[in-house]
Amino acid sequence: MLSTEVADARTSTSARSAHTRERPADIEHWSREGAHHPHVPSRAPAGYAAVLAHLKARIRAAQLQASVTVNRELMALYWDIGREIVERQERDGWGSAVIERLSVDLQREFPGQTGFSLRNLRYARSFYLAYARGSAILQQAAADLPSHSGSTPILPLAVA
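Overview of the structure.

**Brief notes about the overall build of the protein**
Working step 1: Within the protein one finds 4 helices and 2 strands.
Working step 2: Overall, the protein shows an N-to-C arrangement of helices and strands of α-β-β-α-α-α.
Working step 3: The buried share of the protein, taken over its 160 residues, is 12%.
Working step 4: A separation threshold of at least 6 residues defines the contact pool for the protein, and within that pool the share at least 24 residues apart is 31%.

**Some points on the pattern of salt bridges**
Working step 1: Counted by the stated rule, this structure contains 7 salt bridges.
Working step 2: Arginine 88 is the salt-bridge partner of aspartate 92, the closest N and O atoms lying 3.1 Å from each other. Taken together, the residues aspartate 92 and arginine 88, both in helix H2 (residues 48-92) and 4 residues apart, mark about one turn of the helix.
Working step 3: Looking at aspartate 92, the relative accessible area reads 39%, which means it is partly exposed.
Working step 4: Note on arginine 88: relative accessible area 27%, which makes it partly exposed.
Working step 5: Salt bridges linked by common partners bring Glu84, Arg88, Arg91 and Asp92 together as one network.

**A few points about the nonpolar core**
Working step 1: Core analysis: the largest hydrophobic core is formed by 6 residues, namely Ile81, Ile85, Ile99, Phe116, Leu121 and Ala124.
Working step 2: Put simply, the parts of the chain that give this core at least two residues each are H2 and helix H4 (118-132).
Working step 3: Residues within four places of leucine 121 in sequence aside, it is in contact with Ile81, Ile85, Ile99, Leu102, Ser103, Leu106, Gly115 and Phe116.

**Observations concerning the packing of H2 against H4**
Working step 1: One can describe the packing of H2 onto H4 by two numbers: an axis separation of 7 Å at closest approach and a directional angle of 85°. When the interaxial angle is binned, H2 and H4 end up roughly perpendicular. Contact residues: Met75, Tyr78, Trp79, Ile81, Gly82, Arg83, Ile85, Val86, Glu87 and Gln89 in H2; Leu121, Ala124, Arg125, Phe127, Tyr128, Leu129, Tyr131 and Ala132 in H4.
Working step 2: Of the residues contributing to the contact of H2 with H4, the split by class is 13 nonpolar, 2 polar and 3 charged.

**Overview of the packing of helix H3 (residues 96-109) against H4**
Working step 1: Remark: H3 packs on H4, axes separated minimally by 9 Å, with the N-to-C direction vectors making an angle of 120°. As summarised for this structure, H3 and H4 are arranged oblique, according to the angle between their axes. Relative to H4, the crossing made by H3 is right-handed. Contact residues: H3 offers Ile99, Glu100, Leu102, Ser103 and Leu106, while H4 offers Leu118, Leu121, Arg122 and Arg125.
Working step 2: Across the contact of H3 with H4, the residue classes tally to 5 nonpolar, 1 polar and 3 charged.

About the thresholds
Residues numbered from 1 in each chain as written. Predicted model: local features only at pLDDT ≥ 70, side-chain atom pairs only at ≥ 80, totals over all residues. Heavy atoms only, no water. Helix = DSSP H or I, 4+ residues; strand = E, 2+ residues; numbered from the N terminus. Buried < 20%, exposed > 50% of the residue type's maximum accessible area, 1.4 Å probe, protein only. Contact = heavy atoms within 4.5 Å. Salt bridge = Lys/Arg side-chain N within 4 Å of Asp/Glu carboxyl O. Core = buried A, V, L, I, M, F, W, Y, C linked by side-chain atoms within 4.5 Å. Axes fitted to C-alpha atoms, helices over the stretch in contact; angles between N-to-C directions. Parallel < 35°, antiparallel > 145°, perpendicular 65-115°, else oblique. Nonpolar A, V, L, I, M, F, W, Y, C, P; charged D, E, K, R; others polar. Left-handed = near helix turned anticlockwise from the far one by under 90°.

The values are spatial; any link to function lies outside them.
Written as structure tokens, this is what we have:
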């Protein structure tokens, strides 16, 4: 910043501080956590609690949406893995030894990631077989709950 900008910023901050001292009715108390941070003022401006509540709700909603998206993608991944195994077994005569080889090679390619054990690949194959023949994969159980309004239930969607 230029020195005049720094001076303007200080003047602006001082003016706001003086204005705040004149209108204590517009100030709310900060949360107790603020007491542990020496640079956080001890009082919050009017409306702060509402903004904080809104942001916390938005963060939680984003976290939930991210979890749902990750679950959906993992379900699709395991579905595809199971489908690939079944199709290769039916078309090319692959045996169970190939599933073991896939497990070893996938774990080698993606070290530290879980989900590619022999047991999980067999589960993926079983998952595909259980739902591939005319059934739809439904969204997680939360999708069957009523909507926020309570009037219209959320319908499960099929995943292809």
